[in-house]
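Per-entry structural report
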Amino acid sequence: MAQEKIGVYVCHCGTNIAGKVDVEEVTRWAAEQPNVAVARNYKYMCSDPGQDLIKQDIKEHGITRAVVAACSPTMHEPTFRKAAADGGLNPYLLQMANIREHCSWVTVDGEAATAKAKRILGAQIHRLPLNEPLDPIEVPVNPNVMVVGGGIAGIEAALKLAQAGKKVYLVERDPSIGGHMAMFDKTFPTLDCAACILTPKMSAAGKEPHIEMLAYSEVTEVEGYVGNFKVKVRKKARYVDIDTCTGCGLCTEACVVRKVPNEFDRGLSKRAAAYIPFPQAVPLRATIDPTRCLTLTGKKCKQPCLTACGPGAIDFDQKDEEIEVEVGAIIVATGFELWDPTPEKRYSYGKLDNVLSSLEFERISNASGPTGGHILCKNGEPPKAVAILHCVGSRDENYQEFCSRVCCMYSLKFAHLIKEHLPECEVYECYIDMRTYGKGYEEFYKRLMNEDVHFIRGRAAEVTDVGLSPTEEGRLVVKVEDTLLGITRRLPVDMVILSSGLAPRSDAKETAQTFGFGCSANGFYLERHPKLEPVSTVTDGIFIAGCCQYPKDIPDTVAQAGAAAAGALALVDNPTVNVEPTISYIDPEKCSGCHICVGLCPHAAIQYNEEKGVAEVITAACKGCGVCVAACASGVPQQRGYLDEQIFAEIEGALAV
Amino acid sequence: MSDQFEPRLIGFLCRWCSYNGADLAGTSRMKYPPNLVPIKTNCSGRVDPTHIFKAFAEGADGVLIAGCHPGDCHYINGNYRTAGRFPLMKKMLEQLGLEPGRIRLEWVSAAEGDKFARVVTEFTEEVRALGPLGWNTRTPEEQADAGQASSDRVEEAVPA
């Protein structure tokens, strides 16, 4: 091997590294290592002057390899590889040694950290002479985008992409787009009616020629890679021809099965087996519920829906259909579930009447809801007193540790709406801390304090129907410690609203696996970087937006949807994209044709060439896992960038110190 | 540092889950012993048995392999290959007269910085307890003992 000249660059990262690791010592040590021509340290290597050091050394000292000992390569490898390329060095001749995340930040002792930094850096110094120049593989990009989830996040992202002239497939699991926002009555803090601001967007998405709506559909499989995804979508049978149906609703009136709990009203009203989820549904088409329809469950029915349907759209023979769609980018915006308060037994949810979840109250206060917008108890009477309990299933070590961010504000909104509808009604807010962090939120809180709402600082202990006095008899009683007064109180009320936190979708983990990214410890989708790449995932070309990433309010959701759309657009607006060249290759001279690798390849990227009697890597299909390399008994397949000899050299370097 | 034996550990971390889990331990400023040097591979399935033996031959006292949880592999099922190979690697180690407890397989997701820190801490202590590898200094009897004594621990060391 020709003598290589390695440049070593040790970053201080302010005090992040230099505060623990003796960077001068590491630099001195590095300068003495084999092949090292230049060793420097600098306060911030990622800054322009830092990057210029590498470029200058390539020009002035003729360095042929470089290693930057700094943060994680996930953070700045692209930065430094670009700097190397700008300086005229093939970017794959630069390696990073992670002495921040893996060393200075996790080690207590400075001397130990310095020694470990040398080992981490030594591994890369040893490896570098074996690095080969590589060229990124340029692949074409499909200009279409898929958006999964038709809530406000998905709708917003789809509309933005469509505006940019991109074809968008909008996939929604339910019969209509709209998501949770469509269920809301008013939105805080401006009290806009949710329907008034959402339905125009839903309608626009329905009419937009660039958007192909795949409602009542689910993604079953995702294959491919950045710029080139193949997505299988199962279009569930509606038993209604979507092109013929006019959404007139006559089938729903004719249907004899009338007592199906209406999901859109959270079960507070009933619907028929043939149904349109809500009047503003997009697409405005009927669906026949296969679990409730008499015909579809094999029972006898005179099928009045068939007679009622003028255009003859009903088709009991319809089957689920699987289609395959090719897209360049995917935005996953699958939203949240309201935390189900049933396990919190002390609040008696599902046991006592008039103990409502927050979404149930949204429906009750909504003019299109089960009570026509009149706030009424189950007996049809308006409540004289209502308690709103904060942090149910949130900020609670027993359930979800995190703060769901929106509950304080929607609770304040509820108090306002109750006071608006029923000015005489007493309203109690039982809270731990009032978190009103958004634009106009604190002002809204102040306003509520002047609306005769009682604020009690304390998490409610219990909701019971056991009355101890005539004023409590026949009512609900909330027991709560008022921590500001230092007393325990019993609040006799007629309605209790549980301000539940937001939870990840119960199938979030499976969905994340389908799309090839992970979940955070709290169950929400994991972003690539919490601050700088909040809508990217570890899988290039797949983005996330909205509450599937973490609970957030509507403004933040819309902003994130826009960011995800911009991320997708920045990708699919180009004809090609570069993918990493770290893929496998097989030397036909050495391959014995044993087939072992063929069956092991997770991506079916290795095929057996019958004629030549050897295995061959299909370059476009290989994703670079290296499973074949490790599996071959003869070590024939090799992975560029992760050659056996390169890994061996890293091991040697790491243990040489 | 005190005079106690400081084991030298190599950790093969898959790029998508465990390497990021180790990064998260860092950004969360969790503290763990400095004994393990991470080596990044794209997938835990890339880790060849020869890598393990190379590490021991170069003076490592223990080797960790960490990959994505079952079902989470960025390459669909590369980690299943790792899981399949791992018991064989342990067996081989035993046949060579080394304690199987010197290699460890863990699933560490990108969200499990705490788990990464815990695994490195535990593994450091376990290998410390086993003592230096002493590849060249063991008598045949000692080698036979090492393989036998720790074979009972093989089962529990393989994650379900």
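As shown above, the structure is provided for reference.
Values in this document were obtained by computation on a predicted structure and should not be read as measured data. (Residues numbered from 1 in each chain as written. Chains lettered and ligands numbered in written order. Predicted model: local features only at pLDDT ≥ 70, side-chain atom pairs only at ≥ 80, totals over all residues. Heavy atoms only, no water.)

1. Looking at the overall build of chain A
Per the secondary structure count, chain A includes 17 helices and 34 strands. Projecting the C-alpha coordinates of chain A onto the three principal axes gives extents of approximately 90 × 70 × 40 Å. With 657 residues in all, chain A has 56% of them scored as buried. A separation of at least 24 residues holds for 68% of the contacts in chain A among residues at least 6 apart in sequence. For chain A, the accessible surface area stands at approximately 27,300 Å², while carbon and sulfur atoms represent 51% of it. Across chain A, the centroid of the 68 positively charged side chains sits 4 Å from that of the 84 negatively charged ones. (Helix = DSSP H or I, 4+ residues; strand = E, 2+ residues; numbered from the N terminus. Buried < 20%, exposed > 50% of the residue type's maximum accessible area, 1.4 Å probe, protein only. Contact = heavy atoms within 4.5 Å. Areas by Shrake-Rupley, 256 points an atom, 1.4 Å probe, with all protein chains shown as cover. Lys, Arg positive; Asp, Glu negative; His and termini not counted. Charge placed at Lys NZ, Arg CZ, Asp CG, Glu CD.)

2. A look at the state of the cysteines
Residues and elements named next belong to chain B. Within the structure shown, the criterion is met by two disulfides over all chains. Residue Cys-17 pairs covalently with Cys-68 via a disulfide, S to S 2.4 Å. On the sign convention where negative is left-handed, the bridge of Cys-17 and Cys-68, at about 100° about the S-S bond, is right-handed. Of the two residues, Cys-17 sits in the loop between strand E1 (9–14) and helix H1 (18–27) while Cys-68 sits in the loop between strand E3 (62–67) and helix H3 (78–95), which places them 51 residues apart along the sequence. (Disulfide = S-S within 2.5 Å.)

3. Some thoughts on the sheet that holds strand E17 (residues 321–327) of chain A
All names here are of chain A. Read across the sheet, three strands follow the order E11-E12-E17 without closing on themselves; strand pairing throughout is antiparallel. Only two strands of the sheet have a single partner each, and these edge strands are strand E11 (217–225) and E17. Across the sheet, the mean angle from the axis of one strand to that of its neighbour is 20°, orientation sign disregarded. The pairing of E11 with strand E12 (residues 228–235) spans eight bridges and is classified as antiparallel. Each residue of the ladder has a partner; that of Val-219, found in E12, is Val-233. (Pairing = 2+ DSSP bridges. Axes fitted to C-alpha atoms, helices over the stretch in contact; angles between N-to-C directions.)

4. Side note on the environment of Leu-24 of chain B
All names here are of chain B. Within the secondary structure, Leu-24 is located in helix H1. A relative accessible area of 29% places Leu-24 in the partly exposed class. Distance in space between the C-alpha atoms of Leu-24 and Gly-113 is 4.8 Å, their sequence separation being 89 residues. Excluding anything up to four places from it in sequence, Leu-24 contacts Ala-110, Ala-111, Glu-112 and Gly-113.

5. What to know about the environment of Tyr-550 of chain A
All names here are of chain A. Tracing the sequence through the fold places Tyr-550 in the loop between strand E29 (542–544) and helix H14 (554–572). By relative accessible area, which is 23% here, Tyr-550 ends up partly exposed. Separated by 27 residues in sequence, Tyr-550 and Gly-523 have C-alpha atoms that sit 8.9 Å apart. Leaving out residues up to four positions away in the same chain, Tyr-550 has contacts with Phe-402, Cys-403, Arg-405, Asn-522 and Phe-524.

6. Concerning the side chain of Gln-560 of chain A
Residues and elements named next belong to chain A. Relative to the helices and strands, Gln-560 resides in helix H14. On the accessibility criterion, Gln-560 (9% relative accessible area) is buried. Within polar-contact distance, the side chain of Gln-560 engages the backbone nitrogen of Gly-546 at 2.8 Å. For Gln-560, the side chain forms a polar contact with the side chain of Gln-549, separated by 3.1 Å. Ignoring anything within four residues of it in the chain, the contact list for Gln-560 reads Pro-534, Val-535, Ala-545, Gly-546, Gln-549 and Lys-552. (Polar contact = N/O pair within 3.5 Å; in protein donor to acceptor, adjacent residues only side chain to side chain.)

7. What about the pairing of strand E32 (residues 606–609) of chain A?
All names here are of chain A. Alignment of E32 against strand E33 (residues 614–617), held across four bridges, turns out to be antiparallel. Residue pairing across strands places Ile-606 opposite Val-617, the latter belonging to E33. In this antiparallel pair of consecutive strands, E32 and E33, the connection spans four residues, and Gly-613 shows a positive phi of 70°.

8. Some thoughts on empty space enclosed by the protein
As enumerated under the stated definition, the model contains five cavities of 30 Å³ or more in all. In this structure, the largest cavity is lined by 28 residues; those nearest its centre are Glu-77, Gln-95, Gln-124 and Tyr-642 of chain A together with Lys-40 of chain B. Elements supplying a minimum of two residues to the lining of the largest cavity: helix H3 (73–86), strand E4 (94–98), helix H5 (110–127) and helix H17 (644–656) of chain A together with strand E2 (36–41) of chain B. Considering only residue class, the lining of the largest cavity consists of 12 nonpolar, eight polar and eight charged. (1 Å grid on protein atoms, 1.4 Å probe; cavity = no way out; pocket = protein on both sides within 12 Å on 5 of 7 lines; lining within 4 Å. Points joined across faces, edges and corners; volume = space filled by probe spheres on them. Nonpolar A, V, L, I, M, F, W, Y, C, P; charged D, E, K, R; others polar.)

9. Focus on the pattern of salt bridges
All names here are of chain A. Scanning the entire structure with this criterion turns up 50 salt bridges over all chains. Here Glu-156 and Lys-160 are joined by a salt bridge, their closest N and O atoms 2.9 Å apart. You can see Glu-156 and its partner Lys-160 sitting in helix H6 (residues 152–163), four residues apart, about one turn around the helix. Assessed through its relative accessible area of 5%, Glu-156 is described here as buried. (Salt bridge = Lys/Arg side-chain N within 4 Å of Asp/Glu carboxyl O.)

10. Thoughts on a positive patch on the surface
Residues and elements named next belong to chain A. On the surface, Lys-259, Lys-270, Arg-292 and Lys-299 cluster together into a patch of positive charge. Mapped onto the elements, Arg-292 comes out in the loop between strand E16 (287–288) and helix H9 (304–308). Residue Arg-292 is classed as partly exposed on the basis of its relative accessible area, which comes to 37%. (Patch = residues over 30% accessible without salt bridge, like charges linked within 9 Å, V, L, I, M, F, W, Y side chains within 5 Å.)

11. A closer look at the pairing of E3 of chain B
All names here are of chain B. Here E3 lies mainly inside the structure; six of its six residues are buried. Of the two faces of E3, the one lined by Gly-62, Leu-64 and Ala-66 and the one lined by Val-63, Ile-65 and Gly-67 are each fully buried. In this structure, E1 lies alongside E3, joined through five bridges in parallel fashion. Counterpart to Gly-11 in the pairing with E3 is Leu-64. Direction of pairing for E3 relative to strand E4 (residues 103–107): parallel, over a ladder of five bridges. Following the sheet pairing, Ala-66 is matched in E4 by Glu-106. In this fold, the crossover linking E3 to E4 by way of H3 has right-handed handedness. (Right-handed = clockwise from strand over helix to strand, strands pointing away.)

12. Quick word on unusual backbone geometry
Geometrically, the link from Phe-188 of chain A to Pro-189 of chain A is a cis peptide bond, its omega value of -10° lying close to zero. Along the chain, Pro-189 of chain A falls in the loop between strand E8 (186–187) and strand E9 (192–193). The residue after Val-282 of chain A, namely Pro-283 of chain A, is reached through a cis peptide bond having omega 0°. Here Pro-283 of chain A shows up in the loop between strand E15 (274–275) and E16. One non-glycine residue, Asn-35 of chain A, lies in positive phi territory at about 75°. According to the relative accessible area criterion, Asn-35 of chain A is partly exposed, its value standing at 24%. Positive phi is not limited to glycine here, since Ile-76 of chain B has a value of about 70°. Of note, Ile-76 of chain B is situated in the loop between E3 and H3. For Ile-76 of chain B, a relative accessible area of 49% gives the class partly exposed.

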